[in-house]
Amino acid sequence: MLSCDICGETVTSEPDMKSHLLIVHMENEVICPFCKLSGCDQPLYDCPMCGLICTNYHILQEHVDLHLEESSFAQGMDRVQCSGDLELAHQLQQEEDRKRRSEESRQEMEEFQKLQRQYGLDNSGGYKQQQLRNMETEVNRGRMHPSEFHRRKADMMESLAMGIDDGKTKTSGIMEALYRYYQNAATDVRRVWLSAVVDHFHSSFGDKGWGCGYRNFQMLLSSLLQNDAYDDCLKGMSVPCIPKIQSMIEDAWKEGFDPQGASQLNNRLQGTKAWIGACEVYTLLTSLRIKCRIVDFHKSTGPLGTHPRLFEWILSYYSSEREGSPKVMCTSKPPIYLQHQGHSRTVVGIEERKNRTLCLLIFDPGCPSQDMQKLLKQDLEASSLKQLRKFVGNLKHKQYQIVAVEGVLSSEETAARRQDSQIFTAEKIP
């Protein structure tokens, strides 16, 4: 038996030993990485992490410890990086939230300012300031002579000082003209009821765009001033100018009427272009001891968003004085204040047509004097009444409110209504 000096392998013959040496040791000669000799007895230790060969176990241990420390450091860096990423994400989210809140605040402010402008609460002045600005614009555009500007300004200042409307936007005599027309023409009308005499007032340079409520109040008051039944309430009064009406409403608030409405308008109307509606008209009339009621037609009562119940109510209001059945009934009833979103008008009568449909007769403060004066012609034509006539299909706003005058209040009734107005409620139909 022969034994290999290198690996101790035993074979039975020399040829076998030669084959062993050639095959095993010559082709797979192991060379020590440190001494470069084959068959070196130096113990070798592989690093399990990077494959580095060490000849000393303690050195290998230190080497592996370095690997572990490096790994721990890398993990720590990863945690730091992760923490930094989270902080950055948080900062980005905060910045996005801040921008969103800023944009929302900007939009809210724009909407608020838009509403302020729309309802005349933007501190841009009131009737006087708007009148002067618009007249100056007319002069600058060559549509008004400077002398005309100064004349109108002087007239305006006098009107404001006296608190009386200057009558420049008033048209009188229309109700009498309507009576003549219905007596002699209107063959398609079965019967018509007309309110008591009323003058038409339209908007001017000073209140264009916001004065409809005031102009309708002037129309209503012009009728009451010509009705003897209201002499005690309105003794010595003339149709007031718009700033005077604003002052009168403020006085009513000071007396304790409608505190909620006063609060919504900051307890101030003078010097503003604030709109007024049915509540303010009711408040002012009640403070003057005029008995009236607000009726709220708060939703449609007919097909396609129409309000037939509104027409029926107005017919009942005017026809309650009916005696006999003449075609034209000139009642003693005052006109009706009619309010809807964004505008108000004055109802001065109602037609019952041959086909039994109803048609309101309405004065619109947006209609200028030159158009209203066409109704004063002796040979009034049906086409001229088109601007007054409103059929059921013409009134399709979501909601309508009316203020209807019903007489005079005693002092006790006025005080009771002032107390009731602390929580304002309107009669609702339906």
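Quantities reported herein were computed from a predicted structural model and do not represent experimental measurements.

**Student:** Please clarify how helix α4 (residues 146-162) should be interpreted in this entry.
**Tutor:** Structurally, the α-helix is built with 3.6 residues per turn, so residues lying three or four positions apart point the same way. Compared with an ideal rise of 1.5 Å per residue, which puts 17 residues at 24 Å, α4 spans 25 Å between its outermost C-alpha atoms and is within 8% of the ideal. For α4, the set of buried residues is Phe-149, Met-156 and Ser-159. The arc that holds every buried residue of α4, seen down its axis, measures 95 degrees, which confines them to one face. Among the exposed residues of α4, those oriented more than 90 degrees off its buried face are His-150, Ala-161 and Met-162.

**Student:** Explanation requested: the layout of surface pockets in the structure shown.
**Tutor:** To find leftover empty space, a probe the size of one water molecule is rolled over the atoms. The calculated volume of the second largest pocket comes to roughly 430 Å³. Forming the walls of the second largest pocket are 20 residues, and the residues nearest its centre are Thr-169, His-202, Ser-203, Ser-204 and Phe-205. Taken together, the elements giving at least two residues each to the lining of the second largest pocket come down to α3 (127-140) and α4. Here the lining of the second largest pocket takes four residues from α4, the largest share from any one element.

**Student:** How should unusual backbone geometry be read in this particular structure?
**Tutor:** Trans is the prevailing form of peptide bonds, just as negative phi is the prevailing case for residues other than glycine. That bond from Ile-429 to Pro-430 is cis: its omega, 0 degrees, falls within 30 degrees of zero. With respect to the helices and strands, Pro-430 occurs in the segment after β15 (427-428). Positive phi values are uncommon outside glycine, yet Asp-258 reaches one of about 45 degrees. Following the sequence through the fold, Asp-258 ends up in the loop between α7 (242-254) and α8 (259-264). Positive phi values are uncommon outside glycine, yet Arg-356 reaches one of about 75 degrees.

**Student:** Teacher, can you tell me more about the packing of aromatic side chains here?
**Tutor:** By convention here, two paired aromatic rings are described through the distance between centres and the angle between planes. Evaluation of the coordinates by the stated rule reveals five aromatic pairs. Between Tyr-317 and Tyr-318, the ring centres sit 4.9 Å apart and the planes meet at 75 degrees, which makes this aromatic pair edge-to-face. For the pair Tyr-317 and Tyr-318, one class covers both residues: buried. Pairwise contacts between aromatic rings join Trp-313, Tyr-317 and Tyr-318 into one cluster. Above the ring of Tyr-317, the side-chain terminus of Lys-333 is found at 4.3 Å from the ring centroid.

**Student:** What is the right way to look at the environment of Gly-349 in this model?
**Tutor:** Residue placement: Gly-349 occurs in strand β11 (residues 343-353). When near neighbours in sequence (up to four residues on either side) are disregarded, Gly-349 contacts Trp-193, Leu-194, Ser-195, Tyr-318, Cys-359, Leu-360 and Leu-361.

**Student:** I tried to follow the environment of Leu-234 on my own but got confused; where do I start?
**Tutor:** Checked against the element boundaries, Leu-234 lands in the loop between α6 (212-224) and α7. For Leu-234, a relative accessible area of 5% corresponds to the buried category. Taking the C-alpha atoms as reference, Leu-234 lies 7.4 Å from Leu-288; in sequence the two are 54 residues apart. Apart from residues no more than four positions distant in its own chain, Leu-234 is found in contact with Leu-221, Leu-224, Leu-225, Leu-288 and Ile-290.

**Student:** Sorry if this is basic, but what is going on with the confidence of the model for the protein here?
**Tutor:** Fine structural detail should not be taken from predicted coordinates in areas where pLDDT scores are low. This prediction gives the protein a mean pLDDT of 87; 84% of its residues lie at or above 70. Under a pLDDT of 50 for its full length, residues 27-31 has, in the predicted model, nine contacts with residues more than four places off or in other chains.

**Student:** Sorry if this is basic, but what is going on with the nonpolar core here?
**Tutor:** Burial of nonpolar side chains together is a common tendency in soluble globular proteins. In terms of nonpolar packing, the biggest core is built from 38 residues, with Leu-224, Leu-234, Leu-269, Leu-285, Ile-290, Val-403 and Val-405 touching the most fellow members. Apart from residues lying up to four places away in sequence, Val-403 is in contact with Ala-278, Val-281, Tyr-282, Leu-285, Cys-292, Arg-293, Ile-294, Ile-336 and Tyr-337.

**Student:** I would appreciate a short explanation of empty space enclosed by the protein in the present structure.
**Tutor:** What the rule picks out here adds up to one cavity of 30 Å³ or more. Quantified by volume, the largest cavity comes out at close to 60 Å³. Lining the largest cavity are Tyr-127, Met-156, Ser-159, Leu-160, Asp-165, Asp-166, Arg-215, Cys-241 and Ile-242. With three residues, the single largest contributor to the lining of the largest cavity is α4. Split by residue class, the lining of the largest cavity holds five nonpolar, one polar and three charged.

**Student:** Got a minute to help me understand the pattern of salt bridges in this structure?
**Tutor:** Any two side chains of opposite charge can pair, on the condition that their charged atoms come close. By the definition in use, this model includes 20 salt bridges. A salt bridge links Glu-104 to Arg-100; the nearest nitrogen and oxygen atoms lie 3.4 Å apart. With Glu-104 and Arg-100 both in helix α2 (residues 57-118) and four residues apart, this pair spans about one turn of that helix. Relative accessible area serves as the criterion here: at 36%, Glu-104 is assigned to the partly exposed category. In this structure Arg-100 comes out as partly exposed when scored by relative accessible area, which is 41%. Where Glu-351 meets Arg-353, a salt bridge forms, and the shortest distance between an N and an O atom there is 2.7 Å. Comparing Glu-351 with Arg-353, the two get one shared label, buried.

Calculation criteria
- Residues numbered from 1 in each chain as written.
- Predicted model: local features only at pLDDT ≥ 70, side-chain atom pairs only at ≥ 80, totals over all residues.
- Heavy atoms only, no water.
- Helix = DSSP H or I, 4+ residues; strand = E, 2+ residues; numbered from the N terminus.
- Expected span 1.5 Å × (residues − 1).
- Buried < 20%, exposed > 50% of the residue type's maximum accessible area, 1.4 Å probe, protein only.
- Arc of directions from axis to C-beta.
- 1 Å grid on protein atoms, 1.4 Å probe; cavity = no way out; pocket = protein on both sides within 12 Å on 5 of 7 lines; lining within 4 Å.
- Points joined across faces, edges and corners; volume = space filled by probe spheres on them.
- Phe/Tyr/Trp six-rings, centres within 6.5 Å; stacked < 30°, edge-to-face > 60°.
- Lys NZ or Arg CZ within 6 Å of the ring centre and 35° of its normal.
- Contact = heavy atoms within 4.5 Å.
- pLDDT = per-residue confidence, 0-100.
- Core = buried A, V, L, I, M, F, W, Y, C linked by side-chain atoms within 4.5 Å.
- Nonpolar A, V, L, I, M, F, W, Y, C, P; charged D, E, K, R; others polar.
- Salt bridge = Lys/Arg side-chain N within 4 Å of Asp/Glu carboxyl O.

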